[in-house]
Amino acid sequence: MYWEGDGVPKDPKKALKFFTAAAEAGLPQANLKLGLMYWKGDGVPKDPKKALKFFTAAADAGLPDANFNLGLMYWKGNGVAKDPKKAMDFLT
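Residues numbered from 1 in each chain as written. Predicted model: local features only at pLDDT ≥ 70, side-chain atom pairs only at ≥ 80, totals over all residues. Heavy atoms only, no water.

Now for the environment of Asn78. Its location among the elements puts Asn78 in the loop between helix 4 (64-76) and helix 5 (84-91). C-alpha separation for the pair Asn78 and Met88, spaced ten residues apart in sequence, amounts to 15 Å. (Helix = DSSP H or I, 4+ residues; strand = E, 2+ residues; numbered from the N terminus.)

In structure tokens, the structure reads:
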């Protein structure tokens with residue numbers, strides 16, 4: 001809600017607080033959202049290493065969107081060494 005301003009004013013700081021608490025409670029979707037925030041630099045400083053950490057946690061929990069984002073990171077070499085083979089492993 002707070003990240004996108006859905007029904008409430010957009011507030012990335014509140015979104016970060018709630019996503020962090022949810023991730024610590026073990027909710028994989030929160031890890032995905034945190035990864036997106038850090039990948040895009042939306043409400044937080046852009047940090048591909050943190051994005052990688054959160055996307056990996058979400059992917060390990062079985063979220064396909066996290067696998068897709070990891071694939072893009074490896075395909076483009078965004079925050080990781082460019083690795084087309086590893087990228088395809090995540091994308092397929």
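Once you've had a look at it, read on.
Another point: the side chain of Asn31. Mapped onto the elements, Asn31 comes out in helix 2 (residues 28-40). Setting aside residues up to four positions removed in sequence, Asn31 forms contacts with Ala23, Phe54, Phe55, Ala57 and Ala58. (Contact = heavy atoms within 4.5 Å.)

Attention now moves to the packing of aromatic side chains. What the rule picks out here adds up to three aromatic pairs. Between Tyr38 and Phe54, the ring centres sit 5.9 Å apart and the planes meet at 15°, which makes this aromatic pair stacked. Of this pair, Tyr38 sits in helix 2 while Phe54 sits in helix 3 (residues 48-60); the two residues are 16 residues apart in sequence, bridging distant segments of the chain. Classification of Tyr38 by relative accessible area gives buried; the value is 11%. When its relative accessible area of 12% is taken as the criterion, Phe54 is described as buried. With centroids separated by 5.4 Å and ring planes inclined at 85°, the aromatic side chains of Trp39 and Phe55 adopt a geometry described as edge-to-face. (Phe/Tyr/Trp six-rings, centres within 6.5 Å; stacked < 30°, edge-to-face > 60°. Buried < 20%, exposed > 50% of the residue type's maximum accessible area, 1.4 Å probe, protein only.)

This paragraph deals with helix 3. Between its terminal C-alpha atoms helix 3 stretches 18 Å, which fits the 18 Å expected from 13 residues at 1.5 Å a residue. Within the sequence span of helix 3, burial applies to Ala51, Phe54, Phe55, Ala58 and Ala59. Buried residues of helix 3, seen end-on, are gathered within an arc of 140° and therefore sit on one face of the element. Structural note: helix 3 exposes Lys49, Lys53 and Asp60 on the side pointing more than 90 degrees away from its buried face. (Expected span 1.5 Å × (residues − 1). Arc of directions from axis to C-beta.)

If you want to describe how two helices pack, look at the angle between their axes and the distance between the axes. Contact pair helix 2 / helix 3: the axes reach a minimum separation of 7 Å and the direction vectors enclose 160°. With respect to helix 3, the element helix 2 is oriented roughly antiparallel. Relative to helix 3, the crossing made by helix 2 is left-handed. Residue-level contacts link Pro28, Asn31, Leu32, Leu34, Gly35, Leu36, Tyr38 and Trp39 of helix 2 to Pro48, Lys50, Ala51, Phe54, Phe55, Ala57 and Ala58 of helix 3. A per-class count over the contact of helix 2 with helix 3 returns twelve nonpolar, two polar and one charged. (Axes fitted to C-alpha atoms, helices over the stretch in contact; angles between N-to-C directions. Parallel < 35°, antiparallel > 145°, perpendicular 65-115°, else oblique. Left-handed = near helix turned anticlockwise from the far one by under 90°. Nonpolar A, V, L, I, M, F, W, Y, C, P; charged D, E, K, R; others polar.)

A few words now on the pattern of salt bridges. Summed over all chains, the structure comprises one salt bridge. The shortest N-O distance in the salt bridge between Lys85 and Asp89 comes to 3.7 Å. Placement of the pair is Lys85 and Asp89 together in helix 5, with a separation of four residues, close to one helical turn. (Salt bridge = Lys/Arg side-chain N within 4 Å of Asp/Glu carboxyl O.)

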